[in-house]
Amino acid sequence: MLKGKQLDGIKFRRQQPIGPYIVDFVSFEKRLVIEIDGGQHNESAIKGKDDARTKRLEAEDFHILRFWNNDVIMNIEGVLETIRNALV
């Protein structure tokens, strides 16, 4: 749904490097990063790394949205609506 400017005409890039990180999706135009997380991101060691990653990206003026894999699979319309709201 993020390919080919399908979402409100906004270009997203997939698996894009930003500094030392590779983000799942990014719109450089809107400074929006979208991360899709699996269950391993619920572990405390990984949560700490995710928090540091988020702080670094926010320091570079990106807004970060995180979604669980399950949300993307089971509630794609809700996920897309959240992304649309962040694009405004």
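In what follows, the structure referred to is the one given above.
Rules used in this analysis
- Residues numbered from 1 in each chain as written.
- Predicted model: local features only at pLDDT ≥ 70, side-chain atom pairs only at ≥ 80, totals over all residues.
- Heavy atoms only, no water.
- Core = buried A, V, L, I, M, F, W, Y, C linked by side-chain atoms within 4.5 Å.
- Buried < 20%, exposed > 50% of the residue type's maximum accessible area, 1.4 Å probe, protein only.
- Helix = DSSP H or I, 4+ residues; strand = E, 2+ residues; numbered from the N terminus.
- Contact = heavy atoms within 4.5 Å.
- Pairing = 2+ DSSP bridges.
- Axes fitted to C-alpha atoms, helices over the stretch in contact; angles between N-to-C directions.

A.B. asks: In this structure, what is going on with the nonpolar core? I would like to understand it.
C.D. replies: Burial of nonpolar side chains together is a common tendency in soluble globular proteins. The biggest cluster of nonpolar side chains holds 13 residues, and the ones touching the most others in it are Leu-2, Leu-7, Phe-12, Leu-32, Ile-34, Ile-83 and Leu-87. For this core, the element with the highest residue contribution is helix α3 (residues 76-87), accounting for four residues. The contacts of Leu-32, once residues within four sequence positions are left out, are Phe-12, Phe-25, Val-26, Ser-27, Phe-62, His-63, Leu-65, Ile-83, Ala-86 and Leu-87. Counting seven residues, the second-largest nonpolar core is a separate cluster that includes Ile-18, Val-23, Val-26 and Phe-62.

A.B. asks: Got a minute to help me understand the sheet that holds strand β1 (residues 13-18) in this structure?
C.D. replies: Strand pairing in a sheet is mediated by backbone hydrogen bonds. Such pairs are either parallel or antiparallel. Read from one edge of the open sheet, four strands run β1-β2-β3-β4, paired in mixed fashion. A single partner strand is all that each edge strand has here, and the edge strands are β1 and β4 (63-68). Sheet twist, expressed as the mean angle between neighbouring strand axes with direction ignored, is 45°. Pairing of β1 with strand β2 (residues 21-27) involves five bridges; the strand directions are antiparallel. Bridge pairing links Ile-18 to Tyr-21 in β2. Sitting on the sheet, α3 touches β3 (32-37) and β4, and the angle it makes with β4 is about 175°.

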